[in-house]
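Architecture at a glance
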Amino acid sequence: MNSLERVLVRTLIVGGTLALALSPLAAQITVTEAGKVVWPYHLAYQPGRNVVVGSSFGVNRVTRSDDLDTDLWQIDLNIPSDGSTPSGNLSSFSTLPRTRSGWWTCYPMAVQRNLPNGFQRDEIFAFRREFNSNTSSWTYYVARYSPDGSSVNTTWTNLSSLSDVRAWGMAMHIDHEGTWGHDILYVTERMSDYKVGRVFRIDSSGNATYVADLPEPPHPDFRYPYLGVPRALSVIPNDPTRFGSLAGHLIIAREGIYGTLSTNSGDVFLPGSPIYTVDPITSSSTFHGYVPIRIGGIQKVTGTYLLLSDWGLNTVWKLHVPDLSNYIGELVAVSTGSGYPGVTPAHVPGLYRLYYDGSNWQTQLLVDFTAYGIYAKDISVTFVPEPATLTVLGMGL
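This text gives an overview of the structure that appears in the document. (Residues numbered from 1 in each chain as written. Predicted model: local features only at pLDDT ≥ 70, side-chain atom pairs only at ≥ 80, totals over all residues. Heavy atoms only, no water.)

Side chains that differ in sign of charge can pair as their charged atoms come close. Considering all chains together, one arrives at 15 salt bridges under this definition. Across the pair Arg128 and Glu130 runs a salt bridge whose closest N-O atoms are separated by 3.1 Å. Arg198 is the salt-bridge partner of Asp213, the closest N and O atoms lying 2.8 Å from each other. Separated by 15 residues along the polypeptide, Asp213 in strand E14 (residues 208-214) and Arg198 in strand E13 (residues 197-202) bring together distant segments of the chain. Here the residues in one salt-bridge network are Asp164, Arg190, Arg198 and Asp213, joined through shared partners. (Salt bridge = Lys/Arg side-chain N within 4 Å of Asp/Glu carboxyl O. Helix = DSSP H or I, 4+ residues; strand = E, 2+ residues; numbered from the N terminus.)

Another aspect to go through is the sheet that holds strand E3 (residues 40-46). Read across the open sheet, the 4 strands follow the order E3-E4-E5-E6; overall the sheet is antiparallel. Each edge of the open sheet carries a strand with a single partner, namely E3 and strand E6 (90-97). Between one strand axis and the next, the sheet turns by 25 degrees as a mean value, whatever way the strands run. Where strand E4 (residues 51-56) and strand E5 (residues 70-76) come together, 4 bridges link them in antiparallel fashion. (Pairing = 2+ DSSP bridges. Axes fitted to C-alpha atoms, helices over the stretch in contact; angles between N-to-C directions.)

So, on to the packing of aromatic side chains. A full pass over the atoms with the stated rule returns 13 aromatic pairs. Seen from their ring centres, Phe287 and Tyr290 are 5.6 Å apart, and the 85 degrees between their planes marks the pair as edge-to-face. The exposure class of Phe287 is partly exposed, given its relative accessible area of 28%. Given a relative accessible area of 23%, Tyr290 falls into the partly exposed group. Site record: aromatic cluster; members linked through ring pairs are Phe119, Phe125 and Trp156. The lysine or arginine in question, Arg129, covers the ring of Trp138, its NZ or CZ lying 3.8 Å from the ring centre. Above the face of the Tyr355 ring, Arg353 is positioned so that its terminal group lies 4.1 Å from the ring centre. (Phe/Tyr/Trp six-rings, centres within 6.5 Å; stacked < 30°, edge-to-face > 60°. Buried < 20%, exposed > 50% of the residue type's maximum accessible area, 1.4 Å probe, protein only. Lys NZ or Arg CZ within 6 Å of the ring centre and 35° of its normal.)

Everything listed is a geometric property; what it means functionally is a separate question.
Printed below as a string of structure tokens:
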């Protein structure tokens, strides 16, 4: 067996590297363990620190001696993972005690560069809930952290003060395109009717303003209560040559399964994830139908390195996908496994190009995560943007 063949059949090794066996993108892809943490979920990359800040998932969560008792954690990518759980390059980000549990996750976001509205590179914004013992109820906030987590405004934006919102079934995104004034965009569900989405924008002072509602998709998908939750929110790159009149709009995906589900009442066809856009000028929302994958996130491609959370294996992976250089400035969606037994055909967890053909949103599989033994039900991706890729190359990724 020659050296290339040894690479192609190599299995996952703790702290090691796995090379691509089969994938739609032709160039060799490498996957390396960035670090180990209990049930990693949402990720945010800090280009100035070369650190990934994350939050863990909480469903059916039990206390473990290897867990961190804080809302957010950080993995220092300048230090190789040692393969232990937790890994030696993992530490708490800030000292705020953990409030995430059940379905709660903190959805951290990182500012990628200094923005005109005053947001500073590497600042972290994240969901936070506080318990009020006087009213025996929770209040929901967006917290604002300094880049190293040493200081934090825990009540920067009070989401509970917003009208008719469910607060926690949500997605957030920082506008780096500028078509939304570099505000934070926030989508959740209406408390009075969870089938209807509700979009807000949050300015640099923490003031939240209502933008639009997202109408209920025309399908019985919502008989299953946790389908339809907003899972992905991004700003379409402000590039009319690629995205036409939708350039600069919001794009939002709600969770949906694609395939046929067998039930006691017979087979039900589930059409996938509903897609919406919102106009930054008129604030009008448009339903664009469905795409045939279960979307867990939407990102703009900003580099050839990405970070992937895999809570099933308690691991954050680092992927180098050289052919993504051909997709810089495009949108990609990360798809999870179906999560529901009996759905056919089985979903392919992976990275999909998400593009608009002038009439409909379409998907194209770029990276099949199962080729690397990654079958996660829920995963998220964040990119290492250029020129930060040079820093990553310097650490031997």
